[in-house]
Amino acid sequence: YFIQSNLRNRLMGVSSSSSSGGAGVANAALVGSPHSGIPVDPVPYTGPAIEYRVIQVEGTVSASFDGSASSNIDDKMPLLAQQYAEYFQLGTFFRLPYQASRKGMMSARVAYQGIFLRPAVFVPSPESWQLQVHQTTLSLNDLTHGSVFGMRSLNTAPNAAGLTNIFNIVGAQADLGGRLLCVESTCSRNRTGFVSMDFGVNLFFNMPLHPNPQKFTTIAFCTSMQVARSFGHVSCNWDINGPLAGYLNQGWKLVDINLPQHEAGLTQQGNKRNHMSLVPLQLSVIWFFEKDQARIAANDMTPLYQVTVVNVDVHVSVGFTGSSSNLNITSLIKEMGDKGWSVVSVLDTPAAQQTGMMAMKCTVSVFFQRPLVEVPPLH
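Scoring rules and cut-offs
- Residues numbered from 1 in each chain as written.
- Predicted model: local features only at pLDDT ≥ 70, side-chain atom pairs only at ≥ 80, totals over all residues.
- Heavy atoms only, no water.
- Helix = DSSP H or I, 4+ residues; strand = E, 2+ residues; numbered from the N terminus.
- Buried < 20%, exposed > 50% of the residue type's maximum accessible area, 1.4 Å probe, protein only.
- Contact = heavy atoms within 4.5 Å.
- Arc of directions from axis to C-beta.
- Phe/Tyr/Trp six-rings, centres within 6.5 Å; stacked < 30°, edge-to-face > 60°.
- 1 Å grid on protein atoms, 1.4 Å probe; cavity = no way out; pocket = protein on both sides within 12 Å on 5 of 7 lines; lining within 4 Å.
- Points joined across faces, edges and corners; volume = space filled by probe spheres on them.
- Nonpolar A, V, L, I, M, F, W, Y, C, P; charged D, E, K, R; others polar.
- Salt bridge = Lys/Arg side-chain N within 4 Å of Asp/Glu carboxyl O.
- Core = buried A, V, L, I, M, F, W, Y, C linked by side-chain atoms within 4.5 Å.

Digging into the overall build of the protein chain
Thought 1: Counting its regular elements, the protein chain contains seven helices and 17 strands.
Thought 2: Buried positions account for 52% of the 379 residues belonging to the protein chain.
Thought 3: Intrachain contacts of the protein chain at a sequence separation of at least 6 include 80% that bridge at least 24 residues.

Section: helix α4 (residues 241–248)
Thought 1: What α4 keeps buried is the set Pro243, Leu244, Tyr247 and Leu248. All buried residues of α4 lie within an arc of 105° about the axis, which places them on one face of the element.

Section: the packing of aromatic side chains
Thought 1: Scanning all chains against the criterion turns up nine aromatic pairs.
Thought 2: Plain terms: the ring middles of Tyr247 and Phe289 are 4.6 Å apart, the flat faces sit at 20° to each other, and that makes the pair stacked. Highlighted residues: Tyr247 in helix α4 and Phe289 in strand β13 (residues 281–292), separated in sequence by 42 residues.
Thought 3: Taking relative accessible area as the criterion, Tyr247 reaches 12% and is therefore assigned buried.
Thought 4: Among the residues examined, Phe289 registers a relative accessible area of 0% and is labelled buried.
Thought 5: Considering the side-chain rings of Trp287 and Phe367, the 6.3 Å spacing of their centres and the 85° angle between planes classify their relative orientation as edge-to-face.

Some thoughts on helix α7 (residues 330–338)
Thought 1: Those residues of α7 lying buried are Leu332, Ile333, Met336 and Gly337. For α7, the angular spread of the buried residues around the axis is 130°, confining them to a single face.
Thought 2: Positive backbone phi, at 90°, marks Gly340, one or two positions downstream of α7.

So, the layout of surface pockets
Thought 1: The space that makes up the largest pocket amounts to roughly 1,400 Å³.
Thought 2: Considering the residues around the largest pocket, the lining is formed by 44 residues, among which Gln89, Leu117, Arg179, Asn206 and Lys253 are closest to the centre.
Thought 3: Among the residues making up the lining of the largest pocket, the classes are represented as 24 nonpolar, 10 polar and 10 charged.

Remarks on the pattern of salt bridges
Thought 1: In this structure the tally under the stated criterion is eight salt bridges.
Thought 2: Residue Arg53 pairs with Glu86 through a salt bridge whose shortest N-O separation is 3.0 Å. Residue Arg53 is located in strand β2 (residues 50–63), and its partner Glu86 is located in the loop between α2 (77–82) and β4 (89–102); the two are separated by 33 residues in the primary sequence.
Thought 3: When the shortest N-O distance is used, the salt bridge between Glu290 and Arg179 registers 2.3 Å. Linking Glu290 in strand β13 with Arg179 in strand β8 (residues 179–191), this pair joins segments that are 111 residues apart in sequence. Summarising the burial analysis for this pair, Glu290 and Arg179 share the class buried.

Observations regarding the nonpolar core
Thought 1: Formed by 28 residues in total, the largest nonpolar core has its most connected members in Ile329, Leu332, Val366 and Phe368.
Thought 2: Elements with a contribution of two residues or more to this core: β2, β4, β5 (107–119), β14 (305–319), α7, β16 (342–356) and β17 (359–371).
Thought 3: In contact with Val366, not counting residues within four places along its chain, are Thr308, Val309, Val310, Val312, Ile329, Leu332, Val343, Ser345 and Val346.
Thought 4: Among the nonpolar cores identified, the runner-up in size contains 25 residues, and Leu244, Tyr247, Leu248 and Leu254 belong to it.

If you want it as structure tokens, here you go:
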């Protein structure tokens, strides 16, 4: 019910939008969901191509009258872990936006996708991995935009209370050679005060099965997203280039991007009384990056990765029994994989535009990453 209610609130005045602030985005469309242009390489990329596999599972989200919600997809995790037997590794795991059907008065069935990847050409490796998932919570009460939070091994600001649970787990797994893959909302939330709330998240890790694994440090950088609303239109303004340039140019690798309030379905609550207000609503954006601890110790700032973002149009329709969307990025990730791009995050943004009484067009930002390769000189 709470999912359907939020969608109707969004359609009745805060319902549509486009996002701004994207980096390297042009206009184009391919088979599947329409999306912004794929970046063009001046010379062919010489790194390895990527093969993808998409696994879709379903789960149930249950809501309470106090605004809390809970979900559980533990029984789906073995299916995800089985993909590692075929040398696939998880790239990202996310809830399909606006894909929900009512299941009782206070619950809904929702869909999730796990995107797995592996080199298109098999290359024997001494490394082997397994997938692990840990559940915890984060709170936004103590997050400061512009602050960096990290593990004990890095000189960053002290952990905010909201990320302490996450980094306690990340630090313990890093000591074993584990690497954080993504931080994804479980759709669970629990009210802890009059205006405070904890958000449930799943932490996905690659855990090594090989001896003497490289160890990595993970940090989180918190920025803001400004959301402006008018009748039939929602627009987003957030800095993508700043965080990416700042960390990629120092040798860090992008791990994930998280929008906790929006993923938990709270984006509409700030303007319920006056949905025509153009006063921006500020959301928190949490960026996760990692870097080899040996390179940190050596103060090695050599850039190793490049990132691009492709914006995808998603058409949503809402009915009495739920909502549906046409998000399909299969052809997009295949074409990007042929150029060596690995998917990092599929981020549902609040950006939307009303297209009918019970329909809207939303924006999903898909972030890709690939290693930098030396470009041969032109002759």
